[in-house]
Amino acid sequence: MQLVGLLPFLSTASHARAAQGSFYYKGPRSDHFDGQRFFNPGGERSRSFVEFLHWRLTKRAVPWPEVYPSPFQDTPPARVGRHDLRISFVGHATFLIQIAGHNILTDPIWSERASPVPFAGPRRYNRPGIPFDRLPRIDTVLISHNHYDHLDLPTLVRLWERDRPRIVAPLGNDTIIRTHDPNLAVTALDWGDRIALAPDLQVFGEPAHHWSARATNDRNHALWASFVVRGGGHAIYFAGDTGFGGGRHFRAIAARHPRLDVALLPIGAYEPRWFMAPHHMNPEEAVHAFRILKAKSALGCHWGTFRLTDEGVDQPPQDLATALRAGRISAHRFIAMRPGQVWTT
């Protein structure tokens, strides 16, 4: 039962192969798809199963409190103006982005556990920063990849039944979603693709340095991605879940998307570094990514809601503060967000 929530880490180390092609996607080879699996071009190798076992058997996790409640709760407006931008943090990697009169959710999860089953796996340490019944009508949902803490199918079904939002996900994730519920309509994007959400609103699929898995035999059969949203004179980068990867993808994104208003960057789930470094940034690396992206501001996420790795619950904001001081960057420019906290331009 303790391993249920760690299926993504276990699957990263799996060497099982599909008999023919990918489970979830059929398409031409590319610089990040070999005909069967997706991969990080020039990236660091995934950890082995032996290394996974070594981590689990020798881990020295810092204890977390029973709960880690946020002092914030948000009741967002139904819409914002066509030139306004409002971002509310729900928790983990879930943001409500209100931009150009459009409501967008990233990696929505309102479930109590990030797990394939409701009775085991990582549980919430704080309630969502926006109660589900206080959510405004959602127009678009962005899914970065298929790990259970980012692709939560029960929440997607709830959103679909209520609002019929447009669901946008990287290649192969559309198959996973439609297999769960064929009624859900999903638009699949590759890195470099873009779609129009409204006349003055576009979303761009961009690279991330990560991996994917829902079980122990489907490692990297679906793509992972980050997104840039542009509209109403604003630009937002949502990293999803990513390692630093030498900064290659951040430099490419900065070249394609100058003048970002804000970058939504993960700052948690990074210890121990010898195991997590390829696919999860620590706060120091997140600050480095922020500088490469040249965004005006950054919001730190992926910490304090689900316990996935060994660092303490409040270690990410402490390490972020240290990294910002070392880089002589104002703490007001890069905020470790708490559920219910709101950021506006």
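Concerning the pairing of strand β1 (residues 85-91)
The side chains of a regular strand alternate between the sheet's two faces.
Move 1: Most of β1 sits out of view: seven of its seven residues are buried.
Move 2: As paired strands, β1 and strand β2 (residues 94-99) are joined by six bridges and run antiparallel to one another. In the sheet register, I87 faces β2, and the bridge partner there is I97.
Move 3: In textbook terms, the turn of a hairpin is the stretch between consecutive antiparallel strands, and for β1 and β2 this stretch comprises two residues, one of which, H92, has a positive phi near 55°.

Considerations on unusual backbone geometry
Move 1: Following E271, the chain continues into P272 via a peptide bond in cis, with omega recorded as 0°.
Move 2: Following the sequence through the fold, P272 ends up in the loop between β11 (262-266) and α6 (273-276).
Move 3: In this structure, K294 is a non-glycine residue whose phi angle is positive, near 60°.
Move 4: In this fold, K294 is placed in the loop between α7 (283-293) and β12 (297-301).
Move 5: Since its relative accessible area comes to 68%, K294 is described here as exposed.
Move 6: With a phi close to 55°, R328 is a non-glycine residue in the positive phi region.
Move 7: Considering the arrangement of structural elements, one finds R328 in the loop between α8 (315-326) and β13 (334-336).
Move 8: The class of R328 is exposed, set by a relative accessible area of 80%.

Brief notes about the nonpolar core
Move 1: Counting 32 residues, the largest nonpolar core has Y237, F250, L265, L293 and F334 as its most contacted members.
Move 2: Counting only elements with at least two residues in this core, the list comes to β10 (234-238), α5 (248-256), β11, α7, α8 and β13.
Move 3: A per-element tally of this core places α7 first, with six residues.
Move 4: When sequence neighbours within four positions are dropped, the list of residues in contact with F250 reads Y237, T242, G243, F244, L265, M281, A289, I292 and L293.
Move 5: Core analysis: the next-biggest nonpolar cluster, separate from the first, contains 26 residues, I87, V203, C301 and M337 among them.

Some thoughts on the sheet that holds β2
In a beta sheet, neighbouring strands pair by backbone hydrogen bonds and run either parallel or antiparallel.
Move 1: Taken in spatial order, the seven strands of this open sheet run β6-β5-β4-β3-β2-β1-β14, and their pairing is mixed. Each of the sheet's edge strands pairs with one partner strand only, and the pair in question is β6 (186-189) and β14 (342-344). On average, each strand axis in the sheet is tilted by 20° relative to the strand beside it, whichever way the strands run.
Move 2: With three bridges joining them, strand β4 (residues 140-142) and strand β5 (residues 166-170) adopt parallel strand pairing. Bridging across to β5, T140 finds its partner in R166.

Concerning the sheet that holds strand β9 (residues 226-231)
Move 1: Taking strand neighbours across the sheet as the criterion, the seven strands line up as β7-β8-β9-β10-β11-β12-β13 in an open arrangement whose pairing is mixed. Every interior strand has two partners, whereas the edge strands, β7 (194-198) and β13, have only one. With direction set aside, neighbouring strand axes in the sheet form an average angle of 20°.
Move 2: In terms of strand pairing, β12 meets β13 through three bridges, oriented parallel. When the sheet's bridge partners are listed, L299 is paired in β13 with I335.
Move 3: The strands touched by α5 are β8 (201-206), β9, β10 and β11; relative to β10, the strand with the most contacts, the crossing angle is about 165°.

Points about the pattern of salt bridges
Move 1: For the structure on display, the rule yields eight salt bridges.
Move 2: A salt bridge links E66 to R123, with the shortest nitrogen-to-oxygen separation between them at 3.6 Å. You can see E66 sitting in the loop between α2 (49-58) and β1 and its partner R123 sitting in the loop between β3 (102-106) and β4, a full 57 residues away along the chain.
Move 3: Here E66 falls in the exposed class, since its relative accessible area comes to 63%.
Move 4: Among the residues examined, R123 registers a relative accessible area of 26% and is labelled partly exposed.
Move 5: Close ionic contact of D261 with K296 constitutes a salt bridge, the shortest N to O distance being 3.7 Å. With D261 in the loop between α5 and β11 and K296 in the loop between α7 and β12, this pair connects stretches of sequence that are 35 residues apart.
Move 6: Of the residues examined, D261 reaches a relative accessible area of 10% and is grouped as buried.

Let's talk about a nonpolar patch on the surface
Move 1: Among the surface-exposed residues, F49, L53 and L57 lie close enough to one another that they form a single nonpolar patch of about 310 Å² accessible area.
Move 2: You can see L53 is positioned in helix α2.
Move 3: Look at L53 and you get partly exposed, because its relative accessible area is 35%.

A closer look at the confidence of the model for the protein chain
Move 1: The predicted model of the protein chain averages 93 in pLDDT, with 94% of residues at 70 or higher.
Move 2: Low pLDDT (under 50) marks residues 11-19, which in the prediction has 26 contacts with non-local residues, meaning those over four places away or in another chain.

Calculation rules
- Residues numbered from 1 in each chain as written.
- Predicted model: local features only at pLDDT ≥ 70, side-chain atom pairs only at ≥ 80, totals over all residues.
- Heavy atoms only, no water.
- Buried < 20%, exposed > 50% of the residue type's maximum accessible area, 1.4 Å probe, protein only.
- Helix = DSSP H or I, 4+ residues; strand = E, 2+ residues; numbered from the N terminus.
- Pairing = 2+ DSSP bridges.
- Core = buried A, V, L, I, M, F, W, Y, C linked by side-chain atoms within 4.5 Å.
- Contact = heavy atoms within 4.5 Å.
- Axes fitted to C-alpha atoms, helices over the stretch in contact; angles between N-to-C directions.
- Salt bridge = Lys/Arg side-chain N within 4 Å of Asp/Glu carboxyl O.
- Patch = residues over 30% accessible without salt bridge, like charges linked within 9 Å, V, L, I, M, F, W, Y side chains within 5 Å.
- Areas by Shrake-Rupley, 256 points an atom, 1.4 Å probe, with all protein chains shown as cover.
- pLDDT = per-residue confidence, 0-100.

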